[in-house]
Amino acid sequence: MKVLRALLICSLTAALSAALSPPKKAAHPDIFLVTIDTLRADHVHCYGYRSIQTPALDGLAQDGIRFTQAFTPSPITNTSHTTILTGLLPSSHGVTDFAVPLASTHPTWAELLHAHAYHTAAFIGAVILDSKTLAPGLNRGFDFYDNFPEHAQTKSRWGRVERRGMDVVLRAEAWLSAHPQEPHFVWLHLYDPHDPYEPPAPYSQIYQDRLYDGEIAYADSALANFIGYLKKHGEYENSLIVVVGDHGEGLGEHHEDTHGIFLYDSTTHVPLILKLPGETARKGKVVEAQVRTTDILPTVLDLARVTAPRKLDGESLRPYFTRNDTDAAERIAFGETDYPLRFGWAPLRSVRTQGRKFIEAPRPELYDLHADAAELNNQYEPWNRQVKNLRGMLAELRAKAPPPAPSQGVVGQGTIDELKALGYLGKADVGSATNVPQPSLLPDPKDKIEEQNLLHLAMIASEGDRAADARRSLEKVLQLDPKSPTALRQLGELELRAGDYVNSAQHLKVALEVRPDDATAAFYEGQALEKTHDLPGARDALEASLKLMPGQFEARLLLGQIYLGLKNPHAAEDQFEAALLLQSNSIEGQLGVAKAQVAEGNFNQAAQQLESLSKSQSTNAALFELLAQAYTGLGKNVEAEKAETRAKLLQSQK
Ligand SMILES: [Zn+2]
């Protein structure tokens, strides 16, 4: 009886509220995109993994449509997110590396919806998607894009390079509360499952032996918070919600610890769940056909009745849930990764049908996915008919791809440091697949994966201030490949920071023999040699570095000092002037110029410069010391003595 009464009240309230609130316009539902970083499909509970609790994802799947066979074309965050947001393959949208700007000719999800009066906002969980530095153009069409602060207040990785999922979610909820006007398009990026695996309590305890799973369970709890917010504000039922992984994680399969190098299912098979607005009929539907993350945007535009751009590499998934999915034509999933090029190894391309995968590599691979889902038994033979077919598809794709953009992204040192903090190699001047003449002549990444794992470990260790661990990993790389330019450079940098300048210079010298165009390695070498008092050596290294990359402010300053030490004030002045062209109000640069002028006997100019500078630098001891020298040179002994006294006083107050 009680139950019946409760039911009655429920349906009464529902009927009442339906009568009171006007029906929602189905044409423009609220749309929420949640991307969960580094999320393998087979580590989610509703995908059959029983060792984890992911109630939020499971609940969405129950209320929506779960795609069991969804694939990303890229195992790298920027590239795969750009694909989700444009519906284009990496070779079409061109964002195949960090910091490559998304060309304005490719409309984004946010732009397309913004043109239909959507209020748009994005909340990111890592600097890897920061539109000011590593992901320029991804913010297009967003009214608000929650970038990271330019000068982080904290040394901790949280808030500087990464945000916890709950932080991302709360920021999104605050924005929604402050911008109640519908319709919304909000994108949330939960970075947590990306390594290093450091879930907060209680997930760190519950999953202490499987911290990757702990991160996923934690990200799921953040998602639960967001779903709870939508339900509480009555926005859940009528919204379209998309949850997708940007790529998976190797977890040691094919010897790959993390992701980025290979194109096996371990890093390309992702969960994809779609909850339709106001839908009840297709609740809990499961689609087993192979689909791609390029299909997401066309589906959303289709459901929101927004005209799709002319060129898209994906297609709406609607046929799979409105008709019987067995009728729909097979969708081919392409894969592309240029990340191996950062290490000097061959880029990879792949093509996946429902039953086969072909990977184009220096040693190509073919797998029968029905018999060999783990992709362990390579059946490649060049004359194989299937190989010819699949290779033909890749050739067709290549022929369709637009020519590469002439200028790649310019990556500053700060950005390189951020990349490293996230475990990615920050060298951006190696080239891309499109400008390497013959990628097939480069080493096969299969032969290099142990090195990559060690290099990755070393980067994460350096970031965590564990220099000894980093050194051990890098030395192991050198045992595998004594000429690994990446390991040599990293080791050189590590010893430079540790104060072992002789060893640092030695490693960097070998690194530069292998890769003479590495401007950053040459800069490090210059710093190390200067510390060992090899001034001519330091000069040559810095000149070489600046020839490759002229806009390095710190390198200009250091070279100026070195020329002073080499008693070449004229050349020193040129370097300080060049530094001031890069940062016009640098005190160090201005003092450098004055120092060079004093050394040249150009006392009058130096004194004038220093006098004007002293107004804003009244407590700079070095400045008054230099001013005293200039006055002495001019024979102004009284002024010289005064400046000298001032300098001594300031020195003693330090
Ligand atoms: Zn990612």
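Just so you know, these numbers come straight off a predicted model, no measurement behind them. (Residues numbered from 1 in each chain as written. Predicted model: local features only at pLDDT ≥ 70, side-chain atom pairs only at ≥ 80, totals over all residues. Heavy atoms only, no water.)

Along the backbone of the protein chain there are 25 helices and 12 strands. Projected onto the principal axes, the alpha-carbon positions of the protein chain cover approximately 105 × 65 × 50 Å. Across the 654 residues of the protein chain, 55% fall into the buried class. Taking as baseline every contact in the protein chain between residues at least 6 positions apart, the subset at least 24 positions apart corresponds to 65%. Each charge sign in the protein chain was given a centre, from 65 positive and 82 negative side chains, and these centres are 3 Å apart. (Helix = DSSP H or I, 4+ residues; strand = E, 2+ residues; numbered from the N terminus. Buried < 20%, exposed > 50% of the residue type's maximum accessible area, 1.4 Å probe, protein only. Contact = heavy atoms within 4.5 Å. Lys, Arg positive; Asp, Glu negative; His and termini not counted. Charge placed at Lys NZ, Arg CZ, Asp CG, Glu CD.)

We now examine empty space enclosed by the protein. Inspection of the entire model under this criterion finds 4 cavities of 30 Å³ or more. By volume, the largest cavity amounts to about 120 Å³. Along the walls of the largest cavity sit 13 residues, with Ile76, Thr79, Thr96, Asp338 and Tyr339 positioned nearest its centre. By volume, the second largest cavity amounts to about 60 Å³. If you trace the second largest cavity, you find it lined by Phe71, Thr72, Pro73, Leu263, Thr268, Ala333, Phe334, Gly335, Ser350, Arg352 and Lys357. Only strand E9 (333-337) and strand E10 (348-352) provide two or more residues apiece to the lining of the second largest cavity. Per element, the largest residue contribution to the lining of the second largest cavity is 3 residues, and it comes from E9. Grouping the amino acids of the lining of the second largest cavity by side-chain chemistry returns 5 nonpolar, 4 polar and 2 charged. (1 Å grid on protein atoms, 1.4 Å probe; cavity = no way out; pocket = protein on both sides within 12 Å on 5 of 7 lines; lining within 4 Å. Points joined across faces, edges and corners; volume = space filled by probe spheres on them. Nonpolar A, V, L, I, M, F, W, Y, C, P; charged D, E, K, R; others polar.)

Locating Gln452 in the fold gives a position in helix H14 (residues 449-463). Judged by its relative accessible area of 1%, Gln452 falls in the buried class. Ignoring anything within four residues of it in the chain, the contact list for Gln452 reads Ile261, Tyr339, Phe343 and Trp345.

Further remarks concern the packing of helix H18 (residues 519-531) against helix H20 (residues 553-565). Orientation of H18 relative to H20, taken along the N-to-C sense of each, is 30°, at an axis distance of 11 Å. Along this stretch, H18 crosses H20, giving a crossing that reads as left-handed. Side by side, H18 and H20 meet where Phe523, Gly526, Gln527 and Glu530 of the first sit next to Glu554, Ala555, Leu558 and Ile562 of the second. Considered class by class, the residues forming the contact of H18 with H20 number 4 nonpolar, 2 polar and 2 charged. (Axes fitted to C-alpha atoms, helices over the stretch in contact; angles between N-to-C directions. Left-handed = near helix turned anticlockwise from the far one by under 90°.)

Taken in spatial order, the 4 strands line up as E9-E10-E11-E12 in an open sheet, and their pairing is antiparallel. Every interior strand has two partners, whereas the edge strands, E9 and strand E12 (365-368), have only one. Pairs of neighbouring strands in the sheet enclose a mean axial angle of 10°, with direction left out of account. One ladder, built from 5 bridges, connects E9 with E10; its direction is antiparallel. The residue of E10 that forms the bridge with Gly335 is Ser350. Together, E9, E10, strand E11 (356-360) and E12 form the strand contacts of helix H12 (residues 385-400), whose direction differs from that of E11 by roughly 60°. (Pairing = 2+ DSSP bridges.)

Let's shift gears to helix H6 (residues 165-178). Here H6 is 14 residues long and its end C-alpha atoms lie 20 Å apart, about the 20 Å a rise of 1.5 Å per residue gives. Those residues of H6 lying buried are Gly165, Val168, Val169, Ala172, Glu173, Trp175 and Leu176. Looking down the long axis of H6, one finds its buried residues gathered within 160° of arc, a one-sided arrangement. Tucked inside the fold, the buried residues of H6 contact strand E1 (31-36), strand E3 (119-123), strand E4 (144-146), strand E5 (184-190) and helix H8 (211-232). (Expected span 1.5 Å × (residues − 1). Arc of directions from axis to C-beta.)

On to the coordination of the zinc ion, then. Here the zinc ion is held by the protein donor atoms Asp37 (OD), Thr77 (OG1), Asp246 (OD) and His247 (NE2), which lie 2.0 to 2.1 Å from it. Considering all 4 donor atoms around the zinc ion, the spread of angles at the metal, 101 to 120°, places the coordination shape in the tetrahedral class. Counting gaps between the donor residues of the zinc ion yields the pattern D-x39-T-x168-D-H. Here Thr77 is found in helix H3 (residues 77-86), whereas its partner His247 is found in the loop between strand E6 (240-245) and helix H9 (265-268), with 170 residues between them in sequence. Take Thr77: its relative accessible area is 1%, and that puts it in the buried class. Taking relative accessible area as the criterion, His247 reaches 0% and is therefore assigned buried. (Donors = N, O, S within 2.8 Å, 3.2 Å for Na, K, Ca; no water. Tetrahedral: all angles 85-135°; square planar, octahedral: opposite > 155°, others 65-115°.)

Quick look at the side chain of Ser586 now. Within the element layout of this structure, Ser586 appears in the loop between helix H21 (569-582) and helix H22 (587-600). Residue Ser586 is classed as buried on the basis of its relative accessible area of 10%. Side-chain polar atoms of Ser586 contact the backbone nitrogen of Gly589, separated by 2.9 Å. What Ser586 contacts, discounting residues up to four positions off in sequence, is Phe553 and Leu580. (Polar contact = N/O pair within 3.5 Å; in protein donor to acceptor, adjacent residues only side chain to side chain.)

Take the nonpolar core next. Ranked by size, the top nonpolar core spans 87 residues in total, and within it Phe67, Trp109, Phe185 and Trp187 carry the most contacts. Ignoring sequence-local partners within four residues, the contact set of Trp187 consists of Leu33, Thr35, His81, Leu85, Ala121, Ala122, Phe123, Ile124, Leu129, Leu138, Phe142 and Tyr145. Leu57, Ala121, Leu190 and Phe226 belong to the second-largest nonpolar core, a separate cluster that totals 41 residues. (Core = buried A, V, L, I, M, F, W, Y, C linked by side-chain atoms within 4.5 Å.)

Centre-to-centre distance and the angle between the planes together describe a pair of aromatic rings. Under the defined criterion, the tally for this structure stands at 16 aromatic pairs. Between Phe98 and Tyr339 the ring centres are 6.3 Å apart and the planes differ by 85°, which places this aromatic pair in the edge-to-face class. Separated by 241 residues along the polypeptide, Phe98 in the loop between helix H4 (90-93) and helix H5 (109-114) and Tyr339 in the loop between E9 and E10 bring together distant segments of the chain. Among the residues examined, Phe98 registers a relative accessible area of 4% and is labelled buried. For Tyr339, a relative accessible area of 5% gives the class buried. Every member of this aromatic cluster is reached through a ring pair, and the members are Trp109, Phe142, Tyr145, Phe185 and Trp187. A cation over an aromatic ring shows up here: Lys231 above the ring of Tyr236, its NZ or CZ 4.7 Å from the ring centre. One Lys or Arg, Arg646, reaches over the ring of Phe624 and ends 4.5 Å from the middle of that ring. (Phe/Tyr/Trp six-rings, centres within 6.5 Å; stacked < 30°, edge-to-face > 60°. Lys NZ or Arg CZ within 6 Å of the ring centre and 35° of its normal.)

Turning our attention to the environment of Ala571. By the element assignment, Ala571 lies in helix H21. Relative accessible area serves as the criterion here: at 14%, Ala571 is assigned to the buried category.

To continue, consider the sheet that holds E6. Neighbouring strands of a sheet are bound in pairs by backbone hydrogen bonds; such pairs are parallel or else antiparallel. If you trace the 8 strands from one edge of the open sheet to the other, you get E4-E3-E5-E1-E6-E7-E2-E8, paired in mixed fashion. The sheet terminates laterally at E4 and strand E8 (285-292), the two strands that pair on one side only. Strand-to-strand twist in this sheet, taken as the mean axis angle between neighbours without regard to direction, amounts to 15°. In this structure, E1 lies alongside E6, joined through 6 bridges in parallel fashion. Looking at the pairing, Ile36 lines up with Gly245 of E6. Contacts from H6 reach E1, E3, E4 and E5, with the element oriented near 165° to E5.

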